[in-house]
Amino acid sequence: MLDRFQRLAASLAGGEAATGPLRRQALDDLDAVVGAYAEARAALGQFDHNTLLPNRHRFLLDTARQAGERGEPTVLLVTLAEAPRYNEMLRALGHAFADDFVRAAAAIVRDIAPADCELYHVSLLSLCFVLDGHTCDTALMAATMARAFTRPVQCRGVPVVTNVGVGLAALAPGREGTGEVLRAALAAAQDSRGLSSGWSRYDRASDEAQRRAFTLLHGIPDAIASPDQLSLHFQPRVSLRSGRSSSVEALLRWRHPTLGPVAPGEFIPLVETTALISDVTAWVLEHGLSQLAAWTRQGVSPVLALNISPNNLRERGFVESLRDATDRHRIDPARIELEFTENALTTAEPQVRTAIAEIRALGMTIAIDDFGTGYSNMNYLTRLPVQILKIDQSFTRTLWQQPRQQLLVRGITEMAHALGLKVVAEGIETQEVHDLLADWGCDEGQGYLISRPLPPAEFAGWYAQNNA
Ligand code: C2E
Ligand code: MG
Ligand code: MG
């Protein structure tokens with residue numbers, strides 16, 4: 001083609017075609033060459049550079065073209081590895097090895113797929129093809145594919161253990177060319193990991209849960225910026241001997257603009273997997289301390305307990321942000337208690353241990369939340385500067401009917417006291433449980449029997465009346 005182009009260009013530049021009908025012909029020829037070149041360029045964009053298989057653009061064009069054809073088109077998608085594993089491979093063995101691995105795995109997929117099916121390489125680690133559910137046993141094909149990858153993939157003599165996912169999703173009429181089927185097949189492939197069958201068919205419920213999680217995470221920055229999506233409710237804690245309250249726990253509430261109220265038990269674990277937890281904790285700290293300062297001016301002055309995520313302790317500058325917030329709101333750090341779950345405290349990471357020691361040095365109290373739900377070697381209780389142990393509500397809520405749990409809770413209380421810790425029971429819902437815990441010497445309690453979490457103004461009223 002280059003040759004033809006050069007000849008045409010030369011003849012146009014002054015040779016025999018410089019005038020007359022020959023010139024017209026040469027120009028037309030040149031247009032044709034340029035058109036062919038543009039087509040070739042576009043076609044190149046429809047293939048993966050590594051496997052040379054048609055790519056996602058081509059898949060979308062092909063499925064759009066097939067719209068309206070009969071049959072029951074079903075996409076079988078194979079994802080070769082999870083991103084962290086792939087990154088480990090890149091780091092240890094390099095990009096060229098990873099490219100070879102993808103080609104070796106693609107060859108296995110090609111061998112198993114029906115010979116007349118076009119194989120597409122739709123993302124770095126995903127390959128797919130379209131089966132006709134009328135004429136092909138799609139479940140059998142998916143199972144065969146999954147089984148093939150239970151053996152390591154041989155790459156440059158190295159047996160690479162994969163964690164392949166295999167997913168099936170029907171190409172719904174009218175959705176051809178949209179890519180929606182790829183998203184559904186990928187969701188199914190991800191769900192298949194950990195299933196003994198090794199493959200999975202698209203499941204709307206599991207996908208909807210994923211999408212909800214995604215929507216929630218995406219909504220967090222807006223929630224933080226919005227004046228009315230997030231709020232704090234406050235649940236008092238009382239002495240089981242006197243009934244008086246001297247502390248209160250701040251609990252985050254979120255009214256999502258379209259999903260309505262979302263419980264922290266749902267969104268906090270999601271947020272904790274991302275760096276957004278830093279912003280959420282900063283919001284809670286700022287609003288919690290501002291509320292505490294306002295109550296103090298009204299003569300209501302409890303200790304404020306805040307829930308802190310383990311990852312906050314790994315953040316650079318977290319302890320300074322605590323100091324800065326108490327300074328700005330003129331709050332004595334001794335009036336702040338930070339609750340951590342056991343898992344946060346049992347880590348051996350020096351950064352985390354230093355942060356805990358610095359928080360204690362600021363004068364704040366450290367409490368272990370949900371005690372008894374982690375699997376820990378309790379040695380950390382003797383080594384860390386912890387003052388309060390909150391027994392998880394799973395022990396207390398049903399305590400009345402459970403003699404073995406009663407033994408455990410009594411034992412925990414005695415052990416904590418022997419170590420000089422204060423014991424708080426969470427989730428007290430009945431008078432019977434309250435009285436048992438009080439008999440055993442449990443220091444404080446929190447739960448629906450005493451009060452539900454309250455909006456700030458109601459808490460101030462409750463506190464004044466309770467302690468009158
Ligand atoms: P948690 O810190 O253990 O808080 C106690 C949870 O138990 C709260 O649920 C509270 O409303 C509930 N509760 C209190 N008394 C009773 C009772 O008698 N019976 C029953 N069934 N439940 C009771 P909530 O507010 O839904 O919070 C759930 C969890 O979400 C909290 O558990 C905490 O781990 C987390 N969380 C809440 N707010 C924050 C926050 O600001 N930051 C972080 N990192 N986590 C938070
Ligand atoms: Mg808590
Ligand atoms: Mg708790």
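A brief structural summary.

The rules behind each value
- In this numbering scheme, every chain counts its residues from 1 along its sequence in written order.
- Each chain is given a letter, starting from A, and each ligand a number, starting from 1, according to the order in which they appear as written.
- In keeping with the model being predicted, local features are shown solely for residues with a pLDDT of at least 70 and side-chain atom pairs are shown and tallied solely at 80 or more, while totals for entire chains, interfaces and linings include all residues.
- Side-chain calculation: all heavy atoms of the structure are included, whereas hydrogens and water are not.
- With water excluded from the atoms, a metal site may look incomplete; its donors are any N, O or S atoms within 2.8 Å, or within 3.2 Å for Na, K and Ca.
- Helix and strand labels come from DSSP, where a helix needs a run of H or I of at least four residues and a strand needs a run of E of at least two; each type is numbered from the N terminus.
- Think of it in three bands: with a 1.4 Å probe and only protein chains considered, a residue is buried below 20% of the maximum accessible area for its type, exposed above 50%, and partly exposed in between.
- We call a set of buried Ala, Val, Leu, Ile, Met, Phe, Trp, Tyr and Cys residues a nonpolar core when their side-chain atoms join them within 4.5 Å.
- Working rule for contacts: check all heavy atoms of both residues, and any pair within 4.5 Å makes them a contact.
- The distinction between a cavity and a pocket rests on a 1 Å grid over the protein atoms alone: a 1.4 Å probe fits inside a cavity but cannot get out, while a pocket stays open yet meets protein on both sides within 12 Å along at least five of seven lines, and a residue with an atom within 4 Å of a point counts as lining.
- Grid points are joined across faces, edges and corners, and a volume is the space filled by probe spheres set on the points.
- Gly falls in the polar group here, along with every residue not listed as nonpolar (Ala, Val, Leu, Ile, Met, Phe, Trp, Tyr, Cys, Pro) or charged (Asp, Glu, Lys, Arg).
- Only a single heavy atom is needed: when it lies within 4 Å of a molecule or strand, its residue is near that molecule or strand.
- Pairs of N or O atoms within 3.5 Å make up the polar contacts considered here, provided that, within protein, one atom can donate a hydrogen while the other can accept it, and that residues adjacent in sequence are counted only when both atoms are side-chain atoms.
- Where accessible areas are quoted, they stem from the Shrake-Rupley method and a 1.4 Å probe; at the residue level, only the protein chains shown are allowed to cover.
- Axis definition: a line fitted to C-alpha atoms, limited for helices to the stretch in contact. Angles are taken between N-to-C directions and run from 0 to 180 degrees.
- Angular relationships are summarised with four words: roughly parallel below 35 degrees, roughly antiparallel beyond 145, roughly perpendicular across 65 to 115, and oblique for the angles in between.
- When DSSP finds two or more bridges between two strands, those strands count as paired.
- Each crossing is labelled by how the near helix is turned from the far one, with a counterclockwise turn of less than a right angle marking it left-handed and a clockwise turn marking it right-handed.

Another point: the coordination of the magnesium ion (ligand 2). Taken together, the protein ligands of the magnesium ion (ligand 2) are Glu-249 (OE), Asn-307 (OD1), Glu-339 (OE) and Asp-369 (OD), with distances of 2.0 to 2.3 Å. Donor residues for the magnesium ion (ligand 2) sit on one chain with the sequence pattern E-x57-N-x31-E-x29-D. Between the magnesium ion (ligand 2) and the magnesium ion (ligand 3), a separation of 4.1 Å is found, and both are coordinated by Asp-369. Taken as a pair, Glu-249 in strand β9 (residues 245–256) and Glu-339 in strand β12 (residues 336–341) lie far apart in primary sequence, 90 residues in all. Glu-339 matches Glu-249 in its accessibility class, with the two residues each being buried.

In this section: the nonpolar core. If you look at the biggest cluster of nonpolar residues, it comprises 76 residues, and the most contacted ones within it are Leu-306, Ile-359 and Leu-437. For this core, the element with the most residues is helix α10 (residues 276–297), which contributes 10 residues. Beyond its immediate chain neighbours, meaning those up to four positions away, Leu-437 contacts Leu-240, Thr-396, Leu-399, Val-409, Ala-425, Ile-428 and Cys-442. Ranked by size, the runner-up nonpolar core spans 35 residues in total, among them Ala-146, Val-166, Leu-168 and Trp-199.

This part covers the environment of Ser-192. One can find Ser-192 in helix α7 (residues 180–192). For Ser-192, a relative accessible area of 1% puts it in the buried group. Sequence separation of Ser-192 and Val-34 is 158 residues, and the distance between their C-alpha atoms is 47 Å. For Ser-192, the residues in contact, after removing those within four places along its chain, are Gly-165, Val-166, Gly-198, Trp-199 and Ser-200.

The next thing to look at is the coordination of the magnesium ion (ligand 3). Donor atoms from the polypeptide that bind the magnesium ion (ligand 3) are Asp-369 (OD), Asp-370 (OD), Glu-426 (OE) and Glu-426 (OE), placed at 2.0 to 2.4 Å. Mapped onto the sequence, the residues coordinating the magnesium ion (ligand 3) show the spacing D-D-x55-E.

All right, on to empty space enclosed by the protein then. Within this structure, the stated rule accounts for one cavity of 30 Å³ or more. Lining the largest cavity, in full, are Ala-187, Ala-188, Asp-191, Tyr-202, Asp-203, Ser-206, Asp-207 and Gln-210. Elements supplying a minimum of two residues to the lining of the largest cavity: α7 and α8 (204–225). Residues belonging to the lining of the largest cavity are distributed by class as follows: three nonpolar, two polar and three charged.

Looking at ligand 1, there are 22 residues lining it, with Asn-307, Asp-369, Gln-393, Glu-429 and Tyr-448 nearest. One of the side-chain nitrogen or oxygen atoms of Gln-235 is found 3.0 Å away from a nitrogen atom of ligand 1. In this structure, Asp-370 approaches ligand 1 through a side-chain N or O atom, which is 3.1 Å from an oxygen atom. Burial of ligand 1 by the surrounding chains reaches 84%, relative to a free accessible area of 800 Å².

This paragraph deals with the packing of helix α4 (residues 83–93) against helix α5 (residues 95–112). Contact geometry for α4 and α5: axes closest at 7 Å, N-to-C directions at 130°. Overall, the two elements α4 and α5 adopt an arrangement that is oblique. For the pair α4 and α5, the contacting residues are Tyr-86, Met-89, Leu-90 and Leu-93 in the first and His-95, Phe-97, Ala-98 and Phe-101 in the second.

Secondary-structure assignment places Thr-51 in the loop between α2 (20–44) and α3 (56–65). Spatially, the C-alpha atom of Thr-51 lies 65 Å from that of Glu-444, the residues being 393 residues apart in sequence.

Let us look at the pairing of strand β14 (residues 388–391). The side-chain alternation of β14 yields two buried faces, one formed by Ile-388 and Lys-390 and the other by Leu-389 and Ile-391. Judged from the four bridges that link them, β14 and strand β15 (residues 422–425) form a sheet pairing that is parallel. Pairing of Lys-390 across the sheet is with Val-424, part of β15.

Below, the discussion takes up the layout of surface pockets. Roughly 950 Å³ of internal volume is contained in the largest pocket. Every residue lining the largest pocket is counted, 37 residues in all, and those nearest its centre are Glu-249, Leu-251, Pro-264, Asn-307 and Asp-369. In terms of residues, the lining of the largest pocket owes the most to one element, β9, which gives five residues. Taken together, the residues of the lining of the largest pocket sort by class into 15 nonpolar, 11 polar and 11 charged.

A word on the sheet that holds strand β2 (residues 120–123). What the five strands build is an open sheet, ordered β2-β3-β1-β6-β7; its pairing is mixed. Where the open sheet ends on each side, the last strands, each with one partner, are β2 and β7 (199–201). When strand polarity is set aside, the average angle formed by the axes of neighbouring strands in this sheet is 30°. Its contacts with the sheet put α7 on β1 (73–79), β2, β3 (126–132), β6 (165–170) and β7, and the angle it makes with β6 is roughly 140°.

Its location among the elements puts Asn-467 in the segment after α18 (456–466). Accessibility expressed as a relative area gives 14% for Asn-467, which makes it buried. Polar side-chain contacts of Asn-467 include one of 2.9 Å to the side chain of Asn-466. Beyond its immediate chain neighbours, meaning those up to four positions away, Asn-467 contacts Arg-244 and Ser-245.

All right, on to the packing of α5 against helix α6 (residues 138–148) then. How two helices pack is summed up by the angle between their axes together with the distance between the axes. Remark: α5 packs on α6, axes separated minimally by 10 Å, with the N-to-C direction vectors making an angle of 145°. In this structure, the crossing between α5 and α6 has a hand that is right-handed. Across the interface between the two elements, Ile-108, Val-109 and Ile-112 from α5 touch Met-141, Thr-144, Met-145 and Ala-148 from α6. Its residues assigned to classes, the contact of α5 with α6 comprises six nonpolar, one polar and no charged.

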